[in-house]
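Reading the structure
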Amino acid sequence: MSASAAADTENVESWSGKGRGDENFPVGVIIRPDLRRHVHAYYAFARNADDIGDSPILPPAEKIARLDHMEAVLLGHREGGSPSAAGLRASLAETGVDPRHATDLLIAFRRDATKNRYANWDELLDYCRVSAMPVGRYVLDVHGESPATHAPSDALCAALQVLNHLQDCQKDLHDLDRCYLPQDLMSASGTDVTAVSGKAETPGLRRVFDALLDRCDALNAEAAALPRLVRDRRLRIETGVIASLARRLTTRLRRGDPLAMRVKLTKTDAVRALLGSLVHAL
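The structure presented is a predicted model; accordingly, all values stated were derived computationally and were not measured. (Residues numbered from 1 in each chain as written. Predicted model: local features only at pLDDT ≥ 70, side-chain atom pairs only at ≥ 80, totals over all residues. Heavy atoms only, no water.)

This next bit is on the overall build of the protein chain. Helix and strand counts for the protein chain come out as 14 helices and zero strands. Taking the principal axes of the C-alpha coordinates as reference, the protein chain spans close to 60 × 50 × 30 Å. Within the protein chain, the proportion of its 282 residues that are buried is 51%. Here the contacts in the protein chain between residues at least 6 apart in sequence split such that 72% fall between residues at least 24 apart. For the protein chain, the exposed surface amounts to about 12800 Å²; the carbon and sulfur share of it is 54%. The average position of the 37 basic charges and that of the 38 acidic charges among the side chains of the protein chain differ by 6 Å. (Helix = DSSP H or I, 4+ residues; strand = E, 2+ residues; numbered from the N terminus. Buried < 20%, exposed > 50% of the residue type's maximum accessible area, 1.4 Å probe, protein only. Contact = heavy atoms within 4.5 Å. Areas by Shrake-Rupley, 256 points an atom, 1.4 Å probe, with all protein chains shown as cover. Lys, Arg positive; Asp, Glu negative; His and termini not counted. Charge placed at Lys NZ, Arg CZ, Asp CG, Glu CD.)

Okay, here's the thing in structure tokens:
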């Protein structure tokens, strides 16, 4: 067997054990049954690529090499070594959805391999452009929704990403020496990254959290239009649920300290979000 053939048979993926049930928000739960396998194929690709980018043991060059391999398999330039990329390639061939929604994610995860700090909100939002917004656009496109849905979906996905950064800010710093909190906000609030390692938030860090949550409020307000623009009934309900959960998590992070505890959604939040979104079934 040649060296290149051997490389193609060696699996570059390193699944963390996380699944769709570990996410804050439903992943392809309510959508049309005939599309679930495609959404789940996209999720499997994203999950495996993200796990490479977030590996605490792989060196940056190895992370990038593995992500490059996943892209090569996804685009048909290589055959083996990435089962999730091969699965998504087959799915995209069947649905005709643009692979850019997957390759953009790889840009984000390569960035995670080498970039540990974010200077300002614009840098963070640019990260969300490739780490989060493609997910919403993929789901919309696989349903054949109008491009008019992209802008509110982008806002929702960016809010979800920033909320997750706030939830995991201490873990990211501890495990990966990575901090998504904008450095200019921390400086303006009289704090720095060392405060993220504390057992509880400082007043300065709370100001940073609140400033980011203010931006999430604005993104959530923009995202509120999404369910009304979606034609597919099941997807209208799912986007309504997710938008509601984003607002609920924003509120919980206003009231809770993500350093002192895991601030998360509850089963009651999920039930209320679902009940409130049933209006979109009409």
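Past the structure itself, the notes keep going.
One full turn of an α-helix is made of 3.6 residues, so residues set three or four places apart face in the same direction. Of all 10 residues making up helix 7 (residues 133-142), seven are buried, and the element is well covered by its neighbours. Listing the buried residues of helix 7 in full gives M133, P134, G136, Y138, V139, L140 and V142. Positive phi shows up at G144, right after helix 7, with a value of about 75°.

This part is about the pattern of salt bridges. Under the definition given, this model contains 26 salt bridges. Where R47 meets D51, a salt bridge forms, and the shortest distance between an N and an O atom there is 3.1 Å. Here the residue R47 and the residue D51 both occupy positions in helix 2 (residues 33-53), the gap between them amounting to four residues, near one helical turn. For R47, a relative accessible area of 9% translates into the label buried. R254 serves as the salt-bridge partner of D210, at 3.8 Å between the closest nitrogen and oxygen. (Salt bridge = Lys/Arg side-chain N within 4 Å of Asp/Glu carboxyl O.)

To continue, consider the side chain of S189. Structurally, S189 can be placed in the loop between helix 10 (183-188) and helix 11 (203-223). Overall, the relative accessible area of 11% leaves S189 in the buried class. Look past the residues within four positions of S189 in its chain and what remains in contact with it is G204, R207 and V208.

Right, let's talk about the nonpolar core for a bit. When a protein is soluble and globular, its nonpolar side chains tend to lie buried together. Residues F45, L88, Y138, L156, L181 and L212 are the most contacted members of the largest nonpolar core, which totals 77 residues. Those residues in contact with L212 that sit more than four places away from it in its chain are W121, L124, V162, L166, L181, P182 and L185. (Core = buried A, V, L, I, M, F, W, Y, C linked by side-chain atoms within 4.5 Å.)

Two numbers describe how helix 3 (residues 60-74) lies on helix 5 (residues 100-114): the axes approach to 9 Å, and their chain directions differ by 175°. Viewed along their axes, helix 3 and helix 5 adopt a mutual orientation that is roughly antiparallel. Contact residues: P60, K63, I64, L67, D68, E71 and L74 in helix 3; A102, T103, L106, F109, R110, A113 and T114 in helix 5. For the contact of helix 3 with helix 5, the class distribution of residues is eight nonpolar, two polar and four charged. (Axes fitted to C-alpha atoms, helices over the stretch in contact; angles between N-to-C directions. Parallel < 35°, antiparallel > 145°, perpendicular 65-115°, else oblique. Nonpolar A, V, L, I, M, F, W, Y, C, P; charged D, E, K, R; others polar.)

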